[in-house]
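# Per-entry structural report
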Amino acid sequence: MLSTSKSDIIWSPVHHDKFIVWGHDITLYEVARIKDIEKKTSYTQISSTRGATVVASQSGNGVRCVDISAISDQPDPILALGLESGRVTLTSLKQAYDPLGLIGKEFAARYPRACNSVAWSHTESNLLAVGMDKHRADNCVLLWDMNASDEITGEMGAGDRARAVAERGAGDAVQALAWCGFAPRTLAVCLNLRHVKMFDLRESGGKAAGVAAGAGSTRWMGVCAEREAYLLAARGDSALGVWDARSLHSPLLMLPQPRPPRKVQWCPTRRNLLLSLRRDSSTLRLHDIQRANDFKSPEAVDTAAGSDEGGAGEAVEREVSPGGGPLASFACHPAHRARLLALATGGALLEHTVGERVTLAWGAGGALVWAAGGHLRAPPTVFAADRDDLAQRTRRRAEADYGLKVDLWQNAELAEDEELAGLWHFLALSKSLVEDGCIRNGGWKHPGVRCVLPGAGEGSYRSEATPALLPDMPSRKVLLYRSPERTRALQLLGWGWGWENALAGVERAEAEGRPCRAAALAVFHLRVRTALDVLSRARSPRLRVAALALAAGGGAPDERLWRDSLAAAAPALPDPYLRALLHFLAATVQAHPDFSAVLNETEMRLEDRVAFACLYLSDRHLHEYVERAHAGLSERGALAGVVLCGLGTDGLTLLQRWLERTGDVQSAALLAARCCPPDLVRDARVQRWLAAYRALLDGWRMWWARCALDTWLGAADGEERTRRVAVACTYCGKCVAAAPSARVRPPFARLPPPAAKMKVSSCPHCRKPLPRCGVCSLHLGTSAVGGAGGAVGGAPFDTWFSWCVACRHGGHAAHLLHWFSEHAECPVSSCSCRCAALDPPDPPDVRRS
């Protein structure tokens, strides 16, 4: 059993497989994998795969502090033992070969008193700092140099003691000290249980380089410094303090503790991670110091420290439990990341790996990265190739000009989604019907079924009920409802009125490989024989059996039995159109048919269900069905609901709910931009969608797609809202290019306006000359001689004004293109600006013809 009052564990800074545990005894351990330890060798298991074997041990009587040197030339760790007598002894527990002759050396202060702390320097391994108890006539901080000090032999006297190379802290007492890795020969020291001071041992004199403020009434008993950062930490009897060593005016953090901390240490392999162990605790406390490195200069730290906010840091705290009950001490491994060794009060050694807090970050291009082990890591390329998420689909669509094709149906081919493709096809159909005059839009660019089927009390809307016989089943009779409004609705749904229009839909469905839908459309138009022919040509044997059942039912003597058989067999069929077909035939046997079973087949396309309702439901029932379907689709945010409401105010509400469900802001923005009237495009919701999509394209650096979107919006919104870039006169600030139809009034009556056919080389408002071309020296506005550009925007490209935004020099576009094809610098003499290099051409993979 180790003593619970004084026991510690220390890793060797250079021998990464060795550590010591000291208390009543000082024991050197060596760590190895269990499978590599020789058989019959006793060891202490510290984890599931590693064990620690005892290398050497000696008594720890009289030892008050221990540290392991960072001298790499020694085959085994060199220990500095601080004794109660004030002497510091160098020893190696294994007593192996000593090439430097350090084993057995002793160092002593001028006046004997207890040694409280020893610390080897890790940057200058020959330096050893010692912290002593108080003596009124001596210093308490001593620095010994192994290369300059001599061994002490015999009785210590004034003439034979080795001399320390530096001494500080006259008349004070040291509780703990630590080397600061951010500055050479600099120590952080706890003095007199009251102060945390820094001593620069390179400077002469005994004054401290800095004193940490904010100590208050806390008794400070331990200190440590981060290896490569400007952070100090000290443990007191009731708090942990963290300071920025560049400015000790105010602590970065003061963390109250419910029990006195037993040990505090900075993690040597992770920046800004402080570990502490409270007395009688079985867990380690991790303090992840945030915002500690936001300060780039001491002046910035001083400014923050003098502000009213006080400390400028934050700490994210959590606890880890290595196990084994209450802990006596711990030590972080000097090289292995997040690996530590804990010492339980019962003597057990426990190895533990601290898991890092992982923060994921998505890049604009869809790349995933996270921080681990001090590096940015990313998944393998195979992971990115197999993942086909919305971001990748959105980027592929944008590269293919999705949403901006001239014909709306062309966008359906790029949608990569059946529901979205169906909507684009519907919008193309509604647009063609409006343009052909089949549907009077009344201001709607893309009306829905509810727009052409007004509800009760909204107009003179009354349908005519017409009895109709099934040509292939003469004993069956159904009622068909007809009106101009229903005809327009059927056209909008892609059906049309009459078998002549429906036959084309049947043939198209069969050609698309959907025989069940083709058969159902034929039966819904009372052509059972056509449905039988379609099913008999199907490849699936199950569909041929269904065709036989229909053929047998046409001559069944007991129609009620046949109806019951169809109703019982329909739910077992896998295809919704086959089920609807059987439900319809079973309903026609009744005197007052009920088609609710057909309309409840929600797996059928919405267009087919609503078109069926337009044929067989009365006005009241049709209105109720359409409103009920619209309410359900709008509540779910189903995109098919646009077929009913159109792209108006209700359509925007439905698109918003669909966007919240799917996240496809690209389709929502493009649908609204292409199909909504200008007043709805200016709706706040549409503007948010467009802004989000623009930001997405900007993040991907897809400038062509962004430009095409803005150009389309500008053209669709009207000439007055189109954003323009114009060249302004240097003198009067007005636009140089006047509108062709505008009559420019000359400012002076005696100056006639320029001739219409002459090139404008001066401002049409103030008559001041325009700048000269840097290549040909002619005024801009004159023709660019030698150019061969085509007319763009009403003027030849060769004569366009072009200039560098850095040096402000410019000229004719054709001349500048030719100049920079042979030169790198600006054509204006005495100007060394490399204009072309400031804005290089697009790489080949983003160019377009």
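Bear in mind that the values here come from a model prediction, so they are computed numbers and not experimental data.

### A short note on the overall build of the protein chain
- Secondary structure assignment for the protein chain yields 24 helices and 37 strands.
- Taken across its 849 residues, the protein chain has 46% of its residues classed as buried.
- Contacts in the protein chain between residues far apart in sequence, at least 24 positions, make up 52% of those at least 6 positions apart.
- Summed over its atoms, the accessible surface of the protein chain is roughly 42800 Å², and 51% of this surface lies on carbon and sulfur atoms.

### Quick look at the sheet that holds strand E7 (residues 79–83)
- Reading across the sheet, the four strands line up as E6-E7-E8-E9 and stay open at both edges, with antiparallel pairing between neighbours. Here the strands that pair on one side only, and so sit at the sheet edges, are strand E6 (63–68) and strand E9 (106–107).
- Here E6 pairs with E7 via five bridges, running antiparallel. Opposite cysteine 65, over in E7, you have glycine 82 as the bridge partner.

### As for the environment of alanine 170
- One can find alanine 170 in strand E13 (residues 166–170).
- Taking the C-alpha atoms as reference points, alanine 170 and glycine 206, separated by 36 residues in sequence, lie 7.6 Å from one another.
- What alanine 170 contacts, discounting residues up to four positions off in sequence, is Asp138 and Asn139.

### Some words on the pattern of salt bridges
- One pass over the structure, following the stated rule, counts 33 salt bridges.
- A salt bridge links glutamate 624 to arginine 620, with the nearest nitrogen and oxygen atoms 3.2 Å apart. In this pair, glutamate 624 and arginine 620 both sit in helix H16 (residues 619–636), four residues apart, roughly one turn of the helix.
- For the salt bridge of arginine 694 with aspartate 710, the shortest nitrogen-to-oxygen distance reads 2.8 Å. Here arginine 694 is found in helix H21 (residues 684–699), whereas its partner aspartate 710 is found in helix H22 (residues 703–717), with 16 residues between them in sequence.
- Its relative accessible area of 15% is what places arginine 694 among the buried residues.

### Examining the state of the cysteines
- Counting across every chain of the model gives zero disulfides.
- Residue cysteine 115 stays outside any disulfide, its sulfur separated by 3.8 Å from that of cysteine 65, the closest cysteine.
- Assessed through its relative accessible area of 0%, cysteine 115 is described here as buried.
- Cysteine cysteine 807 shares no disulfide, and the gap to the nearest cysteine sulfur, in cysteine 835, comes to 3.7 Å.
- For cysteine 807, a relative accessible area of 17% gives the class buried.

### Quick notes on empty space enclosed by the protein
- Counted by the stated rule, this structure contains three cavities of 30 Å³ or more.
- Approximately 50 Å³ is the volume attributed to the second largest cavity.
- The wall of the second largest cavity is formed by Ala398, Asp401, Tyr402, Leu404, Leu670, Tyr693, Leu697, Ala705 and Leu709.
- Breaking the lining of the second largest cavity down by element, the ones donating at least two residues are H21 and H22.

### Digging into the sheet that holds strand E17 (residues 210–211)
- Spatial strand order, E14-E15-E16-E17: four strands in an open sheet with antiparallel pairing. The open sheet is flanked by strand E14 (174–179) and E17, the only strands paired with a single partner.

### Some points on the confidence of the model for the protein chain
- Averaged over all residues, the pLDDT of the protein chain equals 81, while 81% of them reach at least 70.
- Here residues 151–160 is a poorly scored stretch, pLDDT under 50, and it has 15 contacts once near neighbours within four places are set aside; other chains count.
- Counting contacts from residues 740–758, a segment whose pLDDT is below 50, to residues more than four positions away or on other chains yields 12 contacts.

### Things to note about helix H8 (residues 499–511)
- Compared with the 18 Å implied by 1.5 Å per residue over 13 residues, the 18 Å span of H8 between its first and last C-alpha is a close match.
- For H8, the elements touching its buried residues are helix H9 (515–524) and helix H10 (528–536).
- Just downstream of H8 lies glycine 513, where phi reads positive at about 85 degrees.

### A word on the packing of aromatic side chains
- Here the structure, examined in full by the defined rule, presents 14 aromatic pairs.
- Where phenylalanine 595 meets phenylalanine 612, the ring centres are 5.5 Å apart and the plane angle is 85 degrees; that geometry is what we call edge-to-face. Of this pair, phenylalanine 595 sits in the loop between helix H13 (576–587) and helix H14 (596–599) while phenylalanine 612 sits in helix H15 (residues 606–616), and the two are 17 residues apart along the sequence. Residues phenylalanine 595 and phenylalanine 612 agree in their burial class; the two are buried.
- Taking the ring centre of tyrosine 402 as reference, the NZ or CZ of arginine 397 above it sits at 5.2 Å.

### What about the side chain of arginine 706?
- Position of arginine 706 among the secondary structure elements: in helix H22.
- For arginine 706, a relative accessible area of 18% corresponds to the buried category.
- Among all residues touching arginine 706, those that are not within four sequence positions of it are Arg694, Leu697 and Asp698.

### Comments concerning the nonpolar core
- Counting 105 residues, the largest nonpolar core has Phe584 and Trp689 as the members making the most contacts within it.
- Setting aside anything within four residues of it in sequence, one finds phenylalanine 584 in contact with Val523, Phe524, Leu526, Phe595, Val598, Phe612 and Tyr616.
- Among the nonpolar cores identified, the runner-up in size contains 19 residues, and Ala80, Val88, Val130 and Leu142 belong to it.

### Quick look at the pairing of strand E28 (residues 349–353)
- Sheet analysis places strand E27 (residues 339–344) next to E28, joined by five bridges and oriented antiparallel. What sits directly across from leucine 340, in E28, is histidine 352.
- Here E27 folds back onto E28 in antiparallel fashion, the turn holding four residues, of which glycine 347 has a positive phi close to 105 degrees.

### Focus: the environment of cysteine 729
- Tracing the sequence through the fold places cysteine 729 in the loop between H22 and strand E34 (791–792).
- Judged by relative accessible area, cysteine 729 falls into the buried class, the value being 7%.
- Along the backbone, cysteine 729 and cysteine 766 are 37 residues apart, and their C-alpha atoms lie at a distance of 8.7 Å.
- Discounting residues that sit within four places of it in the chain, cysteine 729 has contacts with Lys734, Val736, Cys763 and Cys766.

### With respect to the packing of H9 against H15
- Where H9 contacts H15, the two axes come as close as 11 Å, and the packing angle between them is 10 degrees. When the axes of H9 and H15 are compared, the pair comes out roughly parallel. The chirality of how H9 crosses H15 is left-handed. For the pair formed by H9 and H15, the contact residues are Arg517, Leu521 and Phe524 on the first element and Asp608, Phe612, Leu615 and Tyr616 on the second.
- Here the residues of the contact of H9 with H15 sort into five nonpolar, no polar and two charged.

### Digging into helix H5 (residues 418–435)
- The terminal C-alpha atoms of H5, which comprises 18 residues, lie 26 Å apart, in line with the 26 Å expected from a rise of 1.5 Å per residue.
- Looking at H5, one finds that the buried residues are Leu420, Ala421, Leu423, Trp424, Phe426, Leu427, Ala428, Ser430, Leu433 and Val434.
- For H5, the secondary structure elements touched by its buried residues are helix H3 (390–399), helix H4 (408–412), helix H7 (484–492), helix H17 (642–645), helix H18 (649–662) and helix H19 (665–675).
- Its side-chain oxygen at 3.2 Å from the backbone nitrogen of glutamate 419, aspartate 417 defines the N-terminal cap of H5.

### Points about unusual backbone geometry
- With a phi close to 65 degrees, arginine 767 is a non-glycine residue in the positive phi region.
- Mapped onto the fold, arginine 767 is located in the loop between H22 and E34.

Calculation rules
- Counting restarts for each chain: residues are numbered from 1 in the order of the written sequence.
- In view of the model being predicted, local features appear only for residues whose pLDDT reaches at least 70, and side-chain atom pairs are presented and counted only at 80 or more, with totals across whole chains, interfaces and linings using the full set of residues.
- Side-chain measures were taken over the full set of non-hydrogen atoms in the model, leaving aside hydrogen atoms and water.
- Only runs of H or I of at least four residues qualify as helices and only runs of E of at least two qualify as strands under DSSP, and these elements are numbered from the N terminus.
- Only protein chains enter the accessibility calculation, which uses a 1.4 Å probe. A residue is then buried if its area is under 20% of the maximum for its type, exposed if over 50%, and partly exposed in between.
- Here a residue-residue contact requires only that any non-hydrogen atoms of the pair lie within 4.5 Å.
- Using the Shrake-Rupley algorithm and a 1.4 Å probe, accessible areas are obtained, with residue cover drawn only from the displayed protein chains.
- Here, a strand pair is defined by DSSP locating no fewer than two bridges between the strands.
- Should a side-chain nitrogen of Lys or Arg be within 4 Å of a carboxyl oxygen of Asp or Glu, the pair is scored as a salt bridge.
- Cysteine sulfur atoms that pair up within 2.5 Å are treated as a disulfide.
- For each structure, a 1 Å grid was placed over the protein atoms alone; sets of points admitting a 1.4 Å probe that cannot get out are labelled cavities, open sets with protein on both sides within 12 Å along at least five of seven lines are labelled pockets, and lining residues have an atom within 4 Å of a point.
- Grid points are joined across faces, edges and corners, and a volume is the space filled by probe spheres set on the points.
- pLDDT runs from 0 to 100 and stands for how confident the predictor is about each residue.
- Here the expected span of a helix is defined as 1.5 Å times the quantity of residues minus one.
- Between rings of Phe, Tyr and Trp, where Trp is taken as its six-membered ring, a pair exists when centres lie within 6.5 Å; planes separated by under 30 degrees are stacked, by over 60 edge-to-face, and by other angles tilted.
- Here, a charge over a ring means that NZ of Lys or CZ of Arg falls within 6 Å of the ring centre while also lying within 35 degrees of the ring normal.
- Only buried residues count toward a nonpolar core, which is a set of Ala, Val, Leu, Ile, Met, Phe, Trp, Tyr and Cys residues joined through side-chain atoms within 4.5 Å.
- In this analysis, axes come from line fits to C-alpha atoms, helices being fitted only over the stretch in contact, and the angle between any two N-to-C directions falls in the range 0 to 180 degrees.
- Each angle is binned into one of four classes, with values under 35 degrees roughly parallel, values over 145 roughly antiparallel, values of 65 to 115 roughly perpendicular, and all other values oblique.
- Helix crossings get a hand from a simple test, with the near helix turned counterclockwise from the far one by less than a right angle marking a left-handed crossing and a clockwise turn marking a right-handed one.
- Under this grouping Gly is polar, as are all residues other than the nonpolar Ala, Val, Leu, Ile, Met, Phe, Trp, Tyr, Cys and Pro and the charged Asp, Glu, Lys and Arg.
- We define a polar contact as two N or O atoms separated by no more than 3.5 Å, with the added condition that, inside protein, one atom must be a possible hydrogen donor and the other a possible acceptor, whereas residues neighbouring each other in sequence contribute only through side-chain atom pairs.

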